[in-house]
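# Topology and contacts: notes
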Amino acid sequence: MSYLEATNDLYKEAALTPDVGLCCTTNPIWELPGLKIPKIMQEMNYGCGSTVNVRDLTNNPKMLYVGVGGGMELLQFSYFNRQKSGVIGVDVVDEMLEASRKNFKIAEEQNDWFKSEFVNLKKGDALNLPVKDNSIDVAAQNCLFNIFKADDLKKAIDEMYRVLKPHGRLVMSDPTCEQPMNDRLRNDDRLRALCLSGSLPIAEYVKALTDAGFGTIEIRARKPYRILDPKNYPTEKLIYIESIEVAAIKDPMPKDGPCIFTGKAAIYFGDQDYFDDKKGHILLKNQPIAICDKTAGALADLGRDDIFISESTYHYDGGGCC
């Protein structure tokens, strides 16, 4: 049995018998005016963060969500696009698709604005999406890409890039890990399916996105997720896993490389009203400005004693330099 087959079996079980402890289902649930999320959707929230961000969802965007779970994030996305088939949900597990359909009927009873027809559920594979090229404004996945091994991860990201419109965005939440994992962990199909042993370091995760052509990367959150301890897992050392929330934007790739925002900021505190680096970055005196890592490096190379550059906070919410 391949690791993908093991994953499908695991989520087939989770569709038939909801498993509250399967993933990070204790994450806060979005509370929006008039939005009620059925309890069953919350129990089937098999994600490690959130991919729903209001600033991504203006002007009725066409949305794609891969790996539908119990339908919770599909319902949340529908809140921002109340049109027939405004949101596409894709999953390879028949039982999960059927569970979502049933959950949408419950959501209709609890939300007078919602109709199941807002979501177009499709049987499909993340490695071969049943979606047209350049047709999606916002694509999302939650706790899915970390499951894939390197070659399949590349295919999945390439597929998302293919279906996005120019300047469209791929919004993701996945576990990451900066510590090395042994081969036994990496090759344990069930632990990989459980979103544990496939976790990559953030730098590798981001590189996979920029290698696909995404010109702008935003790391929006970085939070504690899980512990792999020697008593319960095949490891000699305790391993700390975090989850990150990331947006990869289909911007043209700059000649000098991608703009990667990891939560750095610059503050100019010199004698003038502002500092202009003549490269498109103007720093107003005593006003912090979010900067990408590339710009942070360029400003540091100037060797000035009147510009402060913060460390990465791994939290970025817009308003940056690029």
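A short tour of the structure in this document, coming up. (Residues numbered from 1 in each chain as written. Predicted model: local features only at pLDDT ≥ 70, side-chain atom pairs only at ≥ 80, totals over all residues. Heavy atoms only, no water.)

## What about the side chain of aspartate 306?
- By the element assignment, aspartate 306 lies in the loop between α9 (293-301) and β13 (307-309).
- At a separation of 2.8 Å, a polar atom in the side chain of aspartate 306 contacts the side chain of arginine 304.
- Each residue touching aspartate 306, except ones within four places of it in the same chain, is listed here: Ile267, Tyr268, Phe269 and Gly270. (Helix = DSSP H or I, 4+ residues; strand = E, 2+ residues; numbered from the N terminus. Polar contact = N/O pair within 3.5 Å; in protein donor to acceptor, adjacent residues only side chain to side chain. Contact = heavy atoms within 4.5 Å.)

## Some remarks on helix α8 (residues 202-211)
- For α8, the complete set of buried residues consists of Ile202, Tyr205, Val206, Leu209 and Thr210. The buried side chains of α8 occupy one side of the element, clustering within an arc of 130 degrees when seen end-on. For α8, the exposed residues lying more than 90 degrees away from the buried face are Ala203 and Asp211.
- Contacts from the buried residues of α8 go to β4 (136-142), α5 (150-163), β5 (164-176), β6 (216-228), β7 (239-249) and β8 (259-261).
- Positive phi appears at glycine 213, one or two residues downstream of α8, with a value of about 115 degrees. (Buried < 20%, exposed > 50% of the residue type's maximum accessible area, 1.4 Å probe, protein only. Arc of directions from axis to C-beta.)

## Focus on the pairing of β6
- Here 11 bridges tie β6 to β7, and the two strands are oriented antiparallel to one another. Among the inter-strand pairings, isoleucine 227 is bridged to a residue of β7, identified as tyrosine 240.
- Across 3 bridges, β6 lies against β8 in parallel orientation. Of the residues in β8, the one forming a bridge with glutamate 218 is phenylalanine 261. (Pairing = 2+ DSSP bridges.)

## Here we look at the sheet that holds β4
- Spatial ordering of the open sheet is given by β3-β2-β1-β4-β5-β7-β6-β8, a layout of 8 strands whose pairing is mixed. Each edge of the open sheet carries a strand with a single partner, namely β3 (119-123) and β8. Each strand of the sheet is rotated relative to its neighbour by a mean of 20 degrees, with strand direction disregarded.
- Looking at chain direction, strand β2 (residues 87-91) and β3 are connected through 5 bridges and run parallel. The residue of β3 that forms the bridge with valine 90 is lysine 122.
- Along the sheet, helix α4 (residues 94-110) contacts β2 and β3; its crossing angle with β3, the most-contacted strand, is approximately 165 degrees. (Axes fitted to C-alpha atoms, helices over the stretch in contact; angles between N-to-C directions.)

## Section: the packing of aromatic side chains
- Summed over the entire model, instances satisfying the criterion amount to 10 aromatic pairs.
- Measuring from centroid to centroid gives 5.0 Å for tyrosine 161 and phenylalanine 214, while their planes differ by 85 degrees, and the two rings are edge-to-face. With tyrosine 161 in helix α5 and phenylalanine 214 in the loop between α8 and β6, the pair connects residues that are 53 residues apart, well separated along the chain.
- An aromatic cluster is built from Tyr79, Phe80, Phe104, Trp113, Phe114 and Phe118, whose rings are joined through pairwise contacts.
- The ring of tyrosine 79 is capped by arginine 82, whose NZ or CZ atom sits 4.8 Å from the centre of that ring.
- The residue whose ring lies beneath arginine 226 is tyrosine 225, and the NZ or CZ to ring-centre distance is 4.7 Å. (Phe/Tyr/Trp six-rings, centres within 6.5 Å; stacked < 30°, edge-to-face > 60°. Lys NZ or Arg CZ within 6 Å of the ring centre and 35° of its normal.)

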